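# Per-entry structural report
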Amino acid sequence: MATTTSTAAAAVLIAFFLLVAGAVADDGATLLEVKKSFRNVGNVLYDWSGNDYCSWRGVLCDNVTFAVAALNLSGLNLEGEISPAVGSLKSLVSIDLKSNGLTGQIPDEIGDCSSIKTLDLSFNNLDGDIPFSVSKLKHIETLILKNNELVGAIPSTLSQLPNLKILDLAQNKLSGEIPRLIYWNEVLQYLDLSYNQLTGSIPFNIAFLQVATLSLQGNRFTGPIPSVIGLMQALAVLDLSYNQLSGPIPSILGNLTYTEKLYMQGNRLTGTIPPELGNMSTLHYLELNDNQLTGLIPPELGKLTGLYDLNLANNSLEGPIPNNISSCVNLNSFNAHGNKLNGTIPRSLSKLESMTSLNLSSNSLSGPIPIELSRINNLDILDLSCNMITGPIPSAIGSLEHLLRLNLSKNSLIGFIPVEFGNLRSIMEIDLSNNHLGGLIPQELGMLQNLMLLPHSPPVFKDDSVSKPVSNVPPKLVILNMNMALHVYEDIMRMTENLSEKYIIGYGASSTVYKCVLKNCTPVAVKKLYAQYPQSLKQFQTELETVGSIKHRNLVSLQGYSLSPVGNLLFYEYMENGSLWDVLHDQILVIYTSYTTMKQILQYVLLQMQILSKTASNAVMETVDPDISDTCQDLGEVKKIFQLALLCTKRQPSDRPTMHEVVRVLDCLVHPDPPPKAAQPLLSPQTQAVHPSYANEYVSLRGAGVLSCATSSSMSDAELFLKFGEAISHNTE
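Just so it is clear, the structure is predicted and the values come from calculations on it, not from any experiment.

## Observations concerning the overall build of the chain
The secondary structure content of the chain amounts to 10 helices and 40 strands. Burial statistics for the chain: of 733 residues in total, 47% are counted as buried. The contacts in the chain between residues at least 6 apart in sequence include a share of 49% that link residues at least 24 apart.

Quick look at the structure:
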């Protein structure tokens, strides 16, 4: 009998090992099949060979059965698709393929991995629907498919997953409504459906969920916020932001005493802020900005002593800022921008010693800037712009050594810029424009190495007739770049000996250019404009401020300007190596530190020489891009552009058109004028006497009368181009 029992046990043991061996062989072959569907595997799955697949990268096996229990290939930059063969790995408990470049659809066979508890396919490029076969994964606890290209509706069968605790489908293209049955899941703890295209209203039965995180932001939900959300006592994070929700904020939300984050910004919420929100004792983040809220800021918010971030911007709140806000002693950021708040800035805000950002801009606040604000030592951003604040700037603001951005613009501040601002060692931007400040910019600001922008109120000019003498206006230097921060108008005049001829470095059709070496030994180019085209000073000033804000690697930067009795002055970054004409015609030897720059210049010179040679042979259109030749309906206009461009390269400034004239010509090419009436002369005698005429070269560019494109066709294209070739090739003095 004993012998028989031993024989039976041995037979069972042998059968078990045979079964294990078969499983080992099957899982190894399945992994190789999965590998075939991947691309870009050479450097990351190089060890996927041989029989010991349990030692392969990303593979974890069961210690007893040696079956594959986990597959972790996250963050390997894998491409390709997920093979249907993955469904043959019956013992898989975890699949983690996040942060790759996988494409295609999630295979239906994924539902055959019946033992799986965690499936993470996030941060790929998977598309198609979420397969209904996922509902077969009865043991799954974590399903993360976020940040893909999944489309279609959320399968209602997901409600059939009894152990699902984490469902994250965020950042896809899912549409339709949320399946109602999902709300009956009793174990779900985390639900994130944010940034999809979901629609409909948030249903009443959402209250059956006892999740800790409910994130529905960035969808298209409409209707009111259900009051029953106030019964979801387990909520730690409630995010309903950036939808189309309307109606009031339910006061019952004040019952969510365990909620730490409440995000409702970017909706169409109306009514007042419920004072009951002050009962959310553990709240850290309250974001109600970008809605249509009205009424007062409830003083009860001062009870939120654990609040880090309070954002009420872009609503229609009114009344004063309650002093109770200062009781939020842990407040890090307070943003009330873009409301209708009035009254004065509470001095009690100085108690918020942890605050790094205070934005009260675009309201109707009045009174002085409280000196107590200088006690908020950790401030990085202070924005009080666009209010009705009066009085001087407190010099104590200069003690905020961590301040990065200070904006006090568009108020009614008076006095001077405090020299103590020189102590703002971290400051990057100061905007004091559109106030009533006087005096000079303190020299101490020139020592601030991080300061990038210093807009300052330009001199105030009346927009009167240009016939009034500009000399009545006291000359002031408007600074647009910190390179000139320590300078005033008198400094420039002294350094150039009142714009002496010996500092002239060039002439233009509308200006003379001088070289001026600043106090910091940096040269600038000073362009004195001729008064050929007088405009209102206000318009001129506005245009200059716009130009000064433009930055491009191929444009010299405007660093300042001055409206002075000697002429309007523009201060530009100084560039070495002469003019464009010199480079094109005199072949000046220039040493460039950048091979790329030299190559680009040479290419341009060769192109210009080619155009001139083609002009001489009447074959200039051979230089035009074939795509233009094939698609342009009027090649005559292209030829006219060539004519204008070549004229701009003439050596003598008086022979070149001004930019004003260039714009006029280009505009007439785009919007041709009707032929002028015979009774109206093209050029007045007075204008002809003042400005040289280009009638034989280009349509009377300097004509003060009606500019007509029709004139350019008075001679043949060949004659026009030959005329240009002659005019430009000569060194006209």
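## Digging into the pairing of strand β38 (residues 523-529)
Sheet analysis places strand β37 (residues 511-517) next to β38, joined by seven bridges and oriented antiparallel. Following the sheet pairing, V513 is matched in β38 by K527. Joining the antiparallel neighbours β37 and β38 is a turn of five residues, in which C521 adopts a positive phi near 70 degrees. Sheet topology places β38 next to strand β40 (residues 567-573); five bridges connect them, and they run antiparallel. Bridge pairing links V524 to E573 in β40.

## A few points about the side chain of N315
With respect to the helices and strands, N315 occurs in the loop between β23 (309-311) and β24 (316-319). Polar contacts involving the side chain of N315 include one to the main-chain carbonyl oxygen of A313, which spans 3.2 Å.

## Some thoughts on the environment of S83
Examined against the element boundaries, S83 turns out to sit in the loop between β4 (79-80) and β5 (94-96). For S83, a relative accessible area of 4% puts it in the buried group. What S83 contacts, discounting residues up to four positions off in sequence, is E33, V34, S37 and P107.

## A short note on the pattern of salt bridges
This model, assessed by the stated rule, comprises nine salt bridges. Between D383 and R405 there is a salt bridge, with its nearest N and O atoms 3.6 Å apart. Here the residue D383 occupies a position in strand β29 (residues 381-383), and R405 occupies one in strand β31 (residues 405-407), the gap between them amounting to 22 residues. Under the relative-accessibility criterion, D383 is labelled buried at 6%.

## A short note on the packing of aromatic side chains
If you walk through the whole model with that rule in mind, you get three aromatic pairs. With centroids separated by 6.1 Å and ring planes inclined at 70 degrees, the aromatic side chains of Y53 and W56 adopt a geometry described as edge-to-face. Taking the centre distance of 5.8 Å and the plane angle of 80 degrees together, the rings of Y285 and Y308 count as edge-to-face. Here Y285 is found in strand β21 (residues 285-287), whereas its partner Y308 is found in the loop between β22 (294-295) and β23, with 23 residues between them in sequence. By relative accessible area, which is 27% here, Y285 ends up partly exposed. Classification of Y308 as partly exposed rests on a relative accessible area of 34%. Ring pairing ties together the aromatic residues W48, Y53 and W56, which thus form one cluster.

## Digging into the nonpolar core
With 127 residues, the main nonpolar core has I95, M264, F334, L360 and F421 as its most contacted residues. When contributions to this core are tallied by element, the ones reaching two or more residues are α1 (2-36), β2 (59-61) and β3 (68-72). Setting aside its immediate chain neighbours within four residues, F421 contacts I393, I397, G398, L406, I430, L432, L445 and L448. In terms of nonpolar packing, the next biggest core, distinct from the first, is built from 13 residues, M484, Y489, M493 and M495 among them.

## Some details on the sheet that holds strand β28 (residues 366-367)
Strands sit in the order β28-β30-β32-β34 across an open sheet of four strands; the sheet is parallel. Edge strands, defined here as strands with exactly one partner in the open sheet, are β28 and β34 (436-438). Bridging between strand β30 (residues 388-392) and strand β32 (residues 412-416) involves three bridges; their strand directions are parallel. In the strand pairing of β32, T390 is matched with S412.

## Concerning the confidence of the model for the chain
Of the residues in the chain, 67% have a pLDDT of 70 or more, and the chain-wide mean is 78. Here helix α9 (residues 685-690) stands out as the least confident element of the chain, with mean pLDDT 35; strand β20 (residues 268-269) is the most confident, with 97. Here residues 458-474 scores under 50 on pLDDT; set against residues more than four positions off or in separate chains, the count is 19 contacts. With pLDDT under 50 throughout, residues 675-733 is counted as low confidence; its partners more than four residues away or in other chains account for 100 contacts.

## A few points about a nonpolar patch on the surface
Together, L181, W184 and F208 give the surface a local cluster of nonpolar side chains, amounting to about 350 Å² of exposed area. Within the element layout of this structure, L181 appears in the loop between β12 (173-176) and β13 (190-192).

## Here we look at the side chain of D239
In this structure, D239 sits in strand β17 (residues 237-239). No salt bridge is formed by the buried D239; its nearest oppositely charged neighbour, K261, is found at 8.9 Å.

## With respect to the pairing of β37
For β37, a buried count of five out of seven residues is recorded, marking the element as mostly surrounded by other parts of the structure. Across three bridges, the pairing between strand β36 (residues 504-507) and β37 is antiparallel. Across the sheet, Y507 pairs through a bridge with T512, a residue of β37.

## Side note on unusual backbone geometry
Even without being a glycine, N77 presents a positive backbone phi close to 60 degrees. As for its position among the elements, N77 is in the loop between β3 and β4. Judged by its relative accessible area of 54%, N77 is exposed.

## So, the sheet that holds β22
In spatial order, the strands read β22-β24-β26; together these three strands make up an open sheet with parallel pairing. In this open sheet, the two strands that pair with only one neighbour each are β22 and β26 (340-341). The pairing of β22 with β24 spans two bridges and is parallel. Within β24, the position partnered with G295 by the bridge is L317.

## A word on the environment of I371
In this structure, I371 sits in the loop between β28 and β29. In contact with I371, not counting residues within four places along its chain, are R347, P394 and A396.

## Section: the environment of L307
Tracing the backbone through its elements, the reader meets L307 in the loop between β22 and β23. In this structure the C-alpha to C-alpha distance between L307 and E260, which are 47 residues apart in sequence, comes to 8.7 Å. Beyond its immediate stretch of four places on either side in the chain, L307 contacts L283, H284, Y285, L286, N330 and L331.

Procedures and definitions
Per chain, residue numbering runs from 1 following the sequence as it is written. Reporting of local features is limited, given that this is a predicted model, to residues whose pLDDT is at least 70; pairs of side-chain atoms are given and counted only at 80 or more, and all residues count toward the totals for whole chains, interfaces and linings. The side-chain numbers reported here are obtained from all heavy atoms of the structure, hydrogens and water having been left aside. Secondary structure elements are defined from DSSP: runs of H or I of at least 4 residues count as helices, runs of E of at least 2 residues count as strands, and each element is numbered from the N terminus. Burial classes follow relative accessibility: with a 1.4 Å probe on protein chains only, a residue under 20% of its type's maximum area counts as buried, one over 50% as exposed, and anything between as partly exposed. Should any heavy atoms of two residues lie within 4.5 Å, those residues are counted as being in contact. Strands are treated as partners if at least two bridges between them are detected by DSSP. Throughout this description, a polar contact denotes any pair of N or O atoms lying within 3.5 Å of each other; where both atoms belong to protein, one of them has to be capable of donating a hydrogen while the other can accept it, and for residues adjacent in sequence the pair is counted only when both atoms sit in side chains. We count a salt bridge whenever a side-chain nitrogen from Lys or Arg sits within 4 Å of a carboxyl oxygen from Asp or Glu. By convention, a stacked pair of Phe, Tyr or Trp rings (six-membered ring in the case of Trp) has centres within 6.5 Å and planes under 30 degrees apart, an edge-to-face pair has planes over 60 apart, and any other such pair is tilted. Remark: nonpolar core denotes a set of buried residues (Ala, Val, Leu, Ile, Met, Phe, Trp, Tyr, Cys) joined through side-chain atoms within 4.5 Å. Each residue carries a pLDDT score, the predictor's own confidence in it, on a scale running from 0 to 100. Without a salt bridge and with relative accessible area above 30%, a residue can belong to a patch; like charges are then joined within 9 Å and nonpolar side chains (Val, Leu, Ile, Met, Phe, Trp, Tyr) within 5 Å. Areas reported as accessible are Shrake-Rupley estimates using a 1.4 Å probe. Residue values count occlusion only from the protein chains shown. Positive: Lys, Arg. Negative: Asp, Glu. His and the chain ends are not part of the count.

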